[in-house]
Amino acid sequence: MRNRKAFALAMVLWISAILMASTIYLLGMYKKSVTNAQDLNDKLVAELNCDSYIDRLKFYALTGRYSQNYVQNDLEGFPSTLVLNNTFKNLDENVSIRLRSGGQMLSFYDSNILTLNHLIHFYTKDRLNYNDPYQDWLDLDSNSLLNGAENGYYFTFTKQYSCSNIGVIQHPEELFLIKNFKDIDEGVRSEIIKNFHFVNHSGLNVWMIKPKDIKKYIIISDFDLTQLSVLYQNDPIKYVYSLQVLLAKNGLDQASQSPSYVIDGDINVKYRNSRVKKQFSFYFQNSYKTPYLSYKNYLSTD
Amino acid sequence: MNKSAFSLIEVLVAMVIVSLITTTGMFSFKLAINQIDRQSSLSFDEPIHFSQLKNLFNATYFYTEEKKEQFTPAELFEYKYLFRKSENEITFVSSAPIYSKKLSLVNLKIIDNKLMYKEEEIYNPKQDYKKPIFLEDTSEHELLTDIKNAKFTYEKPIDLPADISSRVPKLVKLEFVRNDVDFTYIFDIKYNFYYLKQFLKSKRLTQ
């Protein structure tokens, strides 16, 4: 009798243990499922909020009134004035944006041999000639410059290709098909793509560099840099003019300022535990009649 | 013997019955959870894929492909932009592809009640950048499933010359039926090539 009772007790305990284990397993499964769904939901809401803000910001930028380094507009959820000073501004506790203007960037014409080599060397830390292959890539003839390369060079590769020969490159990534450029490491490539903007402007490719990166390109005293930073915040056009003077001293004499056809920016959106960060560029119609801000316009209103 | 209490045997029988019921309940619960997972992932898929497609079309890149042996500036001037479209398929170049971060040739194809997607980087060393194509090892991904009566339709820009408007549309519409609900996705394509036209025109005149 005692044995039977002991057996029954053991069975009760086993079954209880199994039931408890099953309950814990189910709770775990339920919790994981709920957490996943919640995370996915948060991420999705953050993504959609971010896209929505970019769309509204596009409307704000394209219909706004511009003056110096700010744009004004009336749109719900946005302040009446947004300053294009490349610093983050909180729209609310979950959204922050940063805007900068093409007019605040510095332009280099690709025909300047010194400039092209100088700029690329800051990233690659080498002394290769990047200008000659670049010019050969663009020009219509088949005569190779001293350190350049025409089709004969590119035909030696396993996957052969030919020079563009159409006077312009179609996308910055095209650079890395060109002799010497093609040997640049992937990390350096992405830095060049990130920091350079290519805009087809007045028959030349203009390379615009973000002012905050200017210390990479020229030797500049702390005093000058401080003065430039103040101008950058308050008077972007004078900033670019001052920078041109400094660049000329460094031998980069063909650097110039270009009208604004582009507004570039970053947006950070947070929703619960999810964060989304995106970059965007708003391009205005590229016509001389429609840059929203240009040196000439600025001078006439000054 | 105290008859008012349950014997161990009675408790055992009760526990077995309870465990049977619980096991059945567990099985049903797991099925329900799986069903919820499936539905929630489906419901999340739609806005995610819509957002991906929207970015894909908004970032349409006016990329000129080589049509003849000699690629000339005149071809750029004549708007030989890579943009192939039909009712079931669309191929173009986008600077915001879904998987890569580089400029890519992308293709959307409606096949067997699914919307399939593939992309191939333009400046991939294996690729011919002047005549980009999908390579043999390009993988395809399902973007939308269980869709019926799906088709692409296109809307031309009204204020542009016919040779551009016939090639690159202003709006792309994707219509389909899913779970007996009609969907129409409308995507806007950004035009930004006025300058290129102006530049090449001036270049041609000066040569």
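These numbers were taken from a predicted model, which means no experiment stands behind them.

Now for the overall build of chain A. A count of helices and strands for chain A gives 8 helices and 11 strands. Once local pairs closer than 6 in sequence are excluded, the contacts in chain A between residues at least 24 apart make up 56%.

Attention now goes to the overall build of chain B. In terms of regular secondary structure, chain B is built from 4 helices and 8 strands. Ordering the α and β elements of chain B from the N terminus gives α-α-β-β-β-β-β-β-α-β-β-α.

Turning next to the nonpolar core. Taken as a class, soluble globular proteins show a tendency for nonpolar side chains to be buried jointly. The biggest cluster of nonpolar side chains holds 38 residues, and the ones touching the most others in it are Val93, Leu115, Ile122 and Val172 of chain B. Where this core is concerned, the elements lending two or more residues are helix H2 (113-124) and helix H3 (131-138) of chain A together with helix H1 (8-58), strand E2 (89-94), strand E3 (104-111), strand E4 (114-121), strand E5 (141-144) and strand E7 (171-178) of chain B. Looking at which element gives the most residues to this core, the answer is E3 of chain B, with 4 residues. Among residues more than four places away in sequence, those in contact with Val172 of chain B are Phe57, Ile90, Phe152, Tyr154, Phe187 and Ile189 of chain B. Ranked by size, the runner-up nonpolar core spans 16 residues in total, among them Ala46, Leu84, Leu99 and Ile263 of chain A.

Okay, the sheet that holds strand E5 (residues 95-101) of chain A next. All names here are of chain A. Sheet architecture is open: 4 strands sit in the order E4-E5-E10-E11, paired in antiparallel fashion. Edge positions in the sheet fall to strand E4 (89-92) and strand E11 (274-283), since each has one partner strand and no second. Each strand axis lies, on average, 25° off the axis of its neighbour in the sheet, ignoring direction. Bridge count for strand E10 (residues 262-271) against E11 is 10 bridges, and the pairing is antiparallel. Across the sheet, residue Asn268 finds its bridge partner in E11, namely Lys277.

What follows deals with the pairing of E4 of chain A. Put simply, side chains in a regular strand alternate between the two faces of the sheet. Residue and element names in this part refer to chain A. Here 3 bridges tie E4 to E5, and the two strands are oriented antiparallel to one another. For Asn90, the partnering residue across the bridge sits in E5 and is Ser96. Hairpin connection of E4 to E5: 2 residues between the antiparallel strands.

All right, on to H3 of chain A then. Taken across its 8 residues, H3 of chain A has 6 buried, putting it largely inside the fold. Listing the buried residues of H3 of chain A in full gives Asn131, Asp132, Pro133, Tyr134, Asp136 and Trp137 of chain A.

Among the secondary structure elements, Lys102 of chain B is positioned in the loop between E2 and E3. Residue Lys102 of chain B is classed as partly exposed on the basis of its 16 C-beta neighbours within 10 Å. Put simply, Lys102 of chain B and Pro47 of chain B are 55 residues apart on the chain and 23 Å apart in space, counted from C-alpha to C-alpha. Excluding residues within four positions of it along the chain, Lys102 of chain B makes contact with Glu173 of chain A together with Glu121 and Tyr123 of chain B.

Here we come to the confidence of the model for chain A. Residue and element names in this part refer to chain A. In this model, chain A carries a mean pLDDT of 78, and residues with pLDDT of at least 70 account for 78%. Per-residue pLDDT, averaged within each element of chain A, yields its smallest value for helix H8 (residues 295-301) (43) and its largest for helix H4 (residues 151-154) (92). Segment residues 295-302: pLDDT under 50, and 7 contacts once partners within four positions in sequence are set aside and those in other chains are kept.

What follows is about the sheet that holds strand E1 (residues 83-85) of chain B. Residue and element names in this part refer to chain B. As summarised here, the arrangement of the 5 strands in space is E1-E2-E3-E4-E5, forming an open sheet in which the pairing is antiparallel. The sheet is open, and its two edges are formed by E1 and E5, each paired on a single side. Neighbouring strand axes in the sheet, compared pairwise and without regard to direction, differ in orientation by 25° on average. Taken together, the 8 bridges between E3 and E4 define a ladder with antiparallel strand orientation. Across the sheet, residue Leu108 finds its bridge partner in E4, namely Tyr117.

A few words now on unusual backbone geometry. A negative phi angle is the norm for most residues apart from glycine, just as the trans form is the norm for most peptide bonds. Residues and elements named next belong to chain B. Phi at Asp146 takes a positive value of approximately 55°, unusual for a residue other than glycine. For Asp146, the location among the structural elements is in the loop between E5 and strand E6 (148-155). Residue Asp146 is classed as exposed on the basis of its C-beta count, with 11 C-beta atoms lying within 10 Å. For Asn179, which is not a glycine, the phi torsion comes out positive at approximately 50°. Residue position: Asn179 is located in the loop between E7 and strand E8 (181-188).

Let's shift gears to the environment of Gln233 of chain A. The residue Gln233 of chain A is located in helix H6 (residues 222-234) in this model. For Gln233 of chain A and Tyr271 of chain A, which are 38 residues apart along the polypeptide, the C-alpha to C-alpha distance reads 30 Å.

Bringing the confidence of the model for chain B into the picture now. Residue and element names in this part refer to chain B. Residues at a pLDDT of 70 or more form 76% of chain B, whose mean pLDDT is 79. Below a pLDDT of 50 lies the segment residues 193-207, which in the model reaches 23 contacts outside its immediate sequence neighbourhood of four places, other chains included. Listed scores for the predicted complex are pTM 0.72 and ipTM 0.71.

How each quantity is defined
One numbering rule holds for all chains: residues counted from 1, following each sequence as written. As they are written, the chains are lettered A onward and the ligands numbered 1 onward, keeping that order. The predicted nature of this model means local features are confined to residues of pLDDT at least 70 and side-chain atom pairs, given and counted, to a pLDDT of 80 or more, with totals for whole chains, interfaces and linings taken over all residues. Counting from the N terminus, the helices are DSSP H or I runs at least four residues long and the strands are E runs at least two residues long. For every residue pair, C-beta atoms are placed from the backbone, and the pair is scored as a contact if these atoms sit within 7 Å. Residues enter a nonpolar core if they are buried, belong to Ala, Val, Leu, Ile, Met, Phe, Trp, Tyr or Cys, and are joined to the set through C-beta atoms within 7 Å. The burial criterion counts other C-beta atoms lying within 10 Å of a residue's C-beta, which is placed from the backbone; the residue is buried at 20 or more, exposed at 12 or fewer, and partly exposed between these limits. In this scheme, strands are said to pair when DSSP sees at least two bridges between them. Angles here are taken between N-to-C directions and fall from 0 to 180 degrees, while the axes themselves are lines fitted to C-alpha atoms, restricted in helices to the stretch in contact. Within a predicted model, pLDDT stands for the predictor's per-residue confidence, ranging from 0 to 100.

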